[in-house]
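Chain by chain, the residues:
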Amino acid sequence: MPEALSTARVPAGTAAEPPGQQRWDIRLVPAAALGWLAAWAAPLFPAAALLTSAVAAVSVAVAALLLGRRKRFDTPTRRGHHHGVAAVALALAGLGLIAGTAAAHIHARDSSPLRQMAGQEQNVSLHFQVTEASRVLAPGASGSRVLVHGTALAVTCDGSCGDSSIRSWTLTGRILVFAPAQGWAELTPGATVLATVSIAEAAPQDMLVAIAFARGPPEATEPPNGVLDAAAAGIRSGLRESANRTLGQDEAGLLRGIVLGDTAGMDAILTEDFRLSGLSHLTAVSGTNCAIVVGAVLWPLRRTRFRAASRTMIAAFALAAFVVLVGPQPSVLRAAAMGAITLLALATGRARQAVPALAATVLILLSLDPALARDLGFALSVAATAGIVLVAGSWAERLRARGWPEALAVGASVCAAAGLCTAPLLVLIVARVSLISLPANMLVMPIVAIVTVLGLASALVTPFVPWLGEFLLRLVDWPLRWMVWIAERAARTPGAVVPWPEGLAGALGLVVVIVASGLLLRRRQFRWLAAAACVGIVVSGLSVRVLAPSWPPTGWALVACDVGQGDALVVSLGNGRALVVDAGPDPVLVDACLRRLGVHDVPMVLLSHLHADHVDGLIGILRGRAVGAIATSPDAPPPDAAAQIRRVAHEAGVPVVSLEPGEIRVVNNARIEVLGPVTRYVGTRSDPNNSSVVARISVGEVSILATGDIEFEAQSDLLRRGTDLTADVLKVAHHGSGYQDPAFISAIQARIALISVGAGNDYGHPDEVLVDRLRGAGMAVRRTDEDGDIAIVDTPGPGLTTVGRGDPIKVRAGPAPALPNVDRPHGQRGTALSRGPPHARASRPRPALWRVHGSDRRSGLQPACRRSVNRPGRPRG
């Protein structure tokens, strides 16, 4: 197997062309680069301008070729001139090809009837075909929504469709559907769906005819019609059921991700661990999966009499079968195309053929779908393939020459080449660089091959011999556990990820660093110096992060976690134990905060109320920690969210308890006094907000008043009842909203006011008048949008001090999925999470540099649309 994999994945070291002596054929590279640039810029221009550009480019290319044929090129200089003319002609031809196909796509998009219906708050019956597996968006305790890619087939209106009197239209073009998970999460590629939706206009750069929003399950679905599609769907379903029955939850979800590219079974925390450790590419069908399939087929054929061309045809057939099994989704087809490039190099015996093949593949794929030019996944795939083709082979040969074993040399070279070539692109969306990615990939790469081969074998034999399929799954149980363990440990390693400047400047800076390092390391005299510098940096970094960590501060009593636009408070009980108040909107963010604090035991999670920005991160608290109970108010609205909380708690084996006003609970060394809600609120500005649990929590000499999101009505009721509200620290209600009673603030007499709010949010939080009022009441105001995580430290002498961790989460005004205004909770607008500078103002949505699909689960990386509002049934704030 290692020999076959090295041949399929690192073709540069073939016998026909020893490494270091290849002369790369780059004539198609300028054409691919210019075509990519044209496809990226195409959404900014009308179809007529693109068509004119295409005709002009092709005309100039033809003229250049005709002019070149009339001249004689009988000297080396003239022949070089001829090659230059040919390269320019090819580049112009590539530009014309992409501009012409982009013009056709944009014309079809702009002329679609769905564009006329956008923004009219009209429900229509949409008939479409699913093109990719449904993708879960930010799963949380209050429910999940999914994103479904599809091709529109027809639309029917109750009355007139937009400005036209025609009620039914036959359609074509790509759409995105945002929908609740129920009835939509199980859809498979090739299925046709009929659903009632509302239509919104998509951002131009996404090249979509429209974005659709479904409020309920689809009205009708039909499975894929083809025999092969139906058989593949049955095999996939059988593998899911068998894996869920045989393996643990994490292992079953990971197996589905590796074999089928289906990450729906992986929870958010495990997905984040794989991302931080640089292993997220393993959970999507990529060139790695295709290479393993090809290697598994070629390995038993390596000593047979089959010629190279015959072996290539067999491998191509296996690759096609793998595509059918996984599902012919666009991302899978792209991965297969990249795998076909290595097949070409294998068939010809010359790696130099892979470069023009890669350039041609880019041109073909961009002509079929110009929107790929802005797809980060496509860019990463091309960069990784180019790195493997160009440098991995020579690196592997050099390592083998130094005595490295074959498999280790190939694995290290492939991982290093792919990682270095994709790192600058990753910096564009995450301002950090993973230092743990290479060792983590080397530790799991042999296991990935075993899991992929045995997992596919189990999927194929389970329909016929179930016991054999189950036996094969049990063989991969421990390899899967190893991968989960590596991902978890790598993600938690101090210094595994280091910050880096974000954006284009950061990407270019990283390219300069990588190139300069490569040039220096080619000189022997610099290698020992570089090794010593690396050792020094690692030792000093570990000394700072492990021996003298800057976070959390010694003696912390309370931490307000920065979870973006949401709430999560952690009250220290000592020795890795803590009481947690609210869970924030994202399980990844609250889990990361608890990891940084070293919390592994949570006797109680207190949920003030059941809005998504307070409860959707609950899974992040429950995973990997001992949780004693989940506490909330009795009959907390809304009922569907309460039912979801009970379901999640039951699955985790954690009891749900109710807190009554006037009740006092002692949890370890913490005293919880429940002060509200004092009545059942109906008809107020926000009944769920005013129904928040209000509690004074005391640990030692420090007391905090946790107020949830209560507004003027609930605050006034507490004052009228004469409730003692005094506390040392105030968690300001509703993220600093202006709906606050000044008398309520004065009655607390706190020394410190904590505002948990997302930087750059578009709610207007916190209200500047309220901030001035808090300061006027003698409170020191600290905000998570400016300071990140905020710790309250009980120091001897002066009393309480605050320490900010920095690096706050930024909440962007766009891009975010839009919903019709009828579904918008009063006064609310949608938000999306990303890393960014502190206290940034919300800005108008801008065209995204890259579209990100699948690997990056952050809600800030969702396709853009013109209007930004909240999801129905999950009000924020």
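Starting afresh in each chain, residues are numbered from 1 along the sequence in its written order. Note on the predicted model: pLDDT of at least 70 is required for a residue's local features to be given, and 80 or more for side-chain atom pairs to be given and counted; whole-chain, interface and lining totals, by contrast, use all residues. Side-chain metrics in this entry use all non-hydrogen atoms of the structure; hydrogen atoms and water are not considered.

(A) Summary view of helix H20 (residues 587–597). Whether a residue is buried, partly exposed or exposed follows from its accessible area with a 1.4 Å probe, protein chains only, as a fraction of its type maximum: under 20%, in between, or over 50%, in that order. Helix and strand assignments follow DSSP, with helices taken as H or I runs no shorter than four residues and strands as E runs no shorter than two, numbered in order from the N terminus. Counting buried residues in H20 gives 8 out of 11 residues, a clear majority hidden from the surface. Between N or O atoms, a polar contact is any pair within 3.5 Å; within protein, one atom must be a potential hydrogen donor and the other a potential acceptor, and residues adjacent in sequence are included only when both atoms are from side chains. Between a side-chain oxygen at the N-terminus of H20 and the backbone nitrogen of Val588 the separation is 2.8 Å; the capping residue is Asp586. Once H20 finishes, Gly598 follows within two positions and takes phi at roughly 75°, a positive value.

(B) Structural context of the state of the cysteines. Put simply, a disulfide is two cysteine sulfurs that come within 2.5 Å. The final tally for this structure, using the stated rule, is 1 disulfide. The residue that forms a disulfide with Cys561 is Cys593, at a sulfur-sulfur distance of 2.0 Å. Taking the sign of the S-S torsion, -75° for the link of Cys561 and Cys593, the bridge is left-handed. Here Cys561, found in the loop between strand E11 (556–560) and strand E12 (569–574), pairs with Cys593, found in helix H20; they are 32 residues apart in sequence, far enough to count as distant.

(C) View of helix H12 (residues 354–368). For H12, which comprises 15 residues, the first-to-last C-alpha distance of 21 Å matches the rise-based estimate of 21 Å (1.5 Å per residue) to within 8%. Buried residues dominate H12, accounting for 12 of its 15 residues. Taken together, the buried positions of H12 are Ala354, Val355, Pro356, Ala357, Leu358, Ala359, Thr361, Val362, Leu363, Leu365, Leu366 and Ser367. Helix span, as expected, comes to 1.5 Å for every residue beyond the first.

(D) The packing of helix H6 (residues 227–246) against helix H7 (residues 249–260), seen in detail. Axes here mean lines fitted to C-alpha atoms, for a helix over just the part in contact, with angles spanning 0 to 180 degrees between N-to-C directions. It is the contact of H6 with H7, at a shortest axis distance of 9 Å, that shows an interaxial angle of 155°. Viewed along their axes, H6 and H7 adopt a mutual orientation that is roughly antiparallel. Considering only the axes of H6 and H7, their crossing is right-handed. For the pair H6 and H7, contact is made by Arg236, Leu239, Arg240, Ala243 and Asn244 and by Ala252, Leu255, Arg256, Val259 and Leu260, respectively. Partitioned by chemical class, the residues of the contact of H6 with H7 number 6 nonpolar, 1 polar and 3 charged. The scheme is simple: roughly parallel for angles under 35 degrees, roughly antiparallel for over 145, roughly perpendicular for 65 to 115, oblique for anything else. By the definition used in this description, the sense in which the near helix is turned from the far one sets the handedness, with an anticlockwise turn below a right angle giving left-handed and a clockwise turn giving right-handed. In what follows, a contact means two residues having at least one pair of non-hydrogen atoms within 4.5 Å. Gly counts as polar in this scheme, as do all residues outside two lists: the nonpolar Ala, Val, Leu, Ile, Met, Phe, Trp, Tyr, Cys and Pro, and the charged Asp, Glu, Lys and Arg.

(E) Geometry of the pattern of salt bridges. Any Lys or Arg side-chain nitrogen located within 4 Å of an Asp or Glu carboxyl oxygen qualifies as a salt bridge. This structure, assessed with the given rule, holds 28 salt bridges. In this structure, Arg481 and Asp477 form a salt bridge, with 3.3 Å as the shortest nitrogen-oxygen distance. Here Arg481 and its partner Asp477 are both found in helix H17 (residues 477–492), 4 residues apart, which amounts to about one turn of the helix. A residue is classified by how much of its surface remains accessible, and Arg481, at 36% relative accessible area, is partly exposed. Overall, Asp477 belongs to the buried group, its relative accessible area being 14%. Arg665 is the salt-bridge partner of Glu663, the closest N and O atoms lying 2.5 Å from each other. With relative accessibility at 25%, the residue Arg665 sits in the partly exposed group. When salt bridges with common partners are traced through the structure, they connect Asp273, Arg492, Asp591, Arg595 and Arg625 into a single cluster.

(F) A look at the sheet that holds strand E21 (residues 694–699). Whether two strands pair comes down to DSSP finding at least two bridges between them. Spatially, E19-E20-E21-E22-E23-E24-E25 is the arrangement adopted by the 7 strands of the open sheet, whose pairing is mixed. Across the chains shown, the open sheet's two edge strands, defined by having one partner strand only, are strand E19 (664–667) and strand E25 (780–783). Each strand of the sheet is rotated relative to its neighbour by a mean of 20°, with strand direction disregarded. Bridge count for strand E23 (residues 729–731) against strand E24 (residues 752–755) is 3 bridges, and the pairing is parallel. Each residue of the ladder has a partner; that of Val729, found in E24, is Ile752. Sheet strands touched by helix H27 (residues 768–776): E23, E24 and E25. Its angle to E25, the strand with the most contacts, is close to 140°.

(G) Just the environment of Gly257, in detail. Mapped onto the fold, Gly257 is located in helix H7. Along the backbone, Gly257 and Ala284 are 27 residues apart, and their C-alpha atoms lie at a distance of 6.1 Å. What Gly257 contacts, discounting residues up to four positions off in sequence, is Asp262, Leu282, Thr283 and Ala284.

(H) Fine view of the packing of aromatic side chains. Only rings of Phe, Tyr and Trp enter the pairing, Trp through its six-membered ring, and a pair is recorded when the two centres are within 6.5 Å. The plane angle decides the type: under 30 degrees is stacked, over 60 is edge-to-face, the rest tilted. The full count for this structure, using the stated rule, is 4 aromatic pairs. Note on Phe178 and Phe213: the rings are 5.4 Å apart at their centroids and 15° apart in plane angle, and the pair reads as stacked. With Phe178 in strand E5 (residues 174–180) and Phe213 in strand E7 (residues 210–214), this residue pair connects regions lying 35 residues apart in the sequence. Measuring from centroid to centroid gives 5.8 Å for Trp482 and Trp485, while their planes differ by 25°, and the two rings are stacked. In this pair, Trp482 and Trp485 are both assigned in helix H17, 3 residues apart and thus about one turn of the helix distant. Overall, the relative accessible area of 34% leaves Trp482 in the partly exposed class. A ring is considered to have a charge above it if a Lys NZ or an Arg CZ atom is located within 6 Å of its centre and within 35 degrees of its normal. Just above the ring of Trp478 sits the side chain of Arg481; from NZ or CZ to the centre is 4.5 Å. A cation over a ring is seen here: Arg685 above Tyr739, with NZ or CZ 3.7 Å from the ring centre.

(I) Layout of the side chain of Arg256. Turning to its location among the elements, Arg256 is positioned in helix H7. A relative accessible area of 10% means that Arg256 is categorised as buried.

(J) Structural view of the packing of H7 against helix H15 (residues 437–461). Orientation of H7 relative to H15, taken along the N-to-C sense of each, is 85°, at an axis distance of 9 Å. Judged on the interaxial angle alone, H15 and H7 are roughly perpendicular. Note on element contacts: H15 touches H7 through Val448, Val451, Thr452, Gly455 and Leu456, opposite Leu255, Ile258 and Val259. In terms of residue class, the contact of H7 with H15 is built from 6 nonpolar, 2 polar and no charged.

(K) Looking closely at unusual backbone geometry. Across the junction of Gly676 and Pro677, the peptide omega takes the value 10°, indicating a cis bond. Tracing the sequence through the fold places Pro677 in the loop between strand E20 (670–676) and helix H24 (687–690). Of note, the amide linkage connecting His765 to Pro766 takes the cis form, showing an omega dihedral of -10°. With respect to the helices and strands, the residue Pro766 is situated in the loop between E24 and H27. Positive phi values are uncommon outside glycine, yet Met207 reaches one of about 55°.

(L) Local environment of the pairing of E7. In terms of burial, E7 is largely enclosed, as 5 of its 5 residues are buried. Side chains Ala210, Ala212 and Ala214 project from E7 onto one buried face, and the interleaved Ile211 and Phe213 project onto a second face that is buried too. In this structure, E5 lies alongside E7, joined through 4 bridges in parallel fashion. In the sheet register, Val177 faces E7, and the bridge partner there is Ala212. Of the pairings in the sheet, the one linking strand E6 (residues 192–200) to E7 comprises 4 bridges and is antiparallel in character. Of the residues in E7, the one forming a bridge with Ser198 is Phe213.

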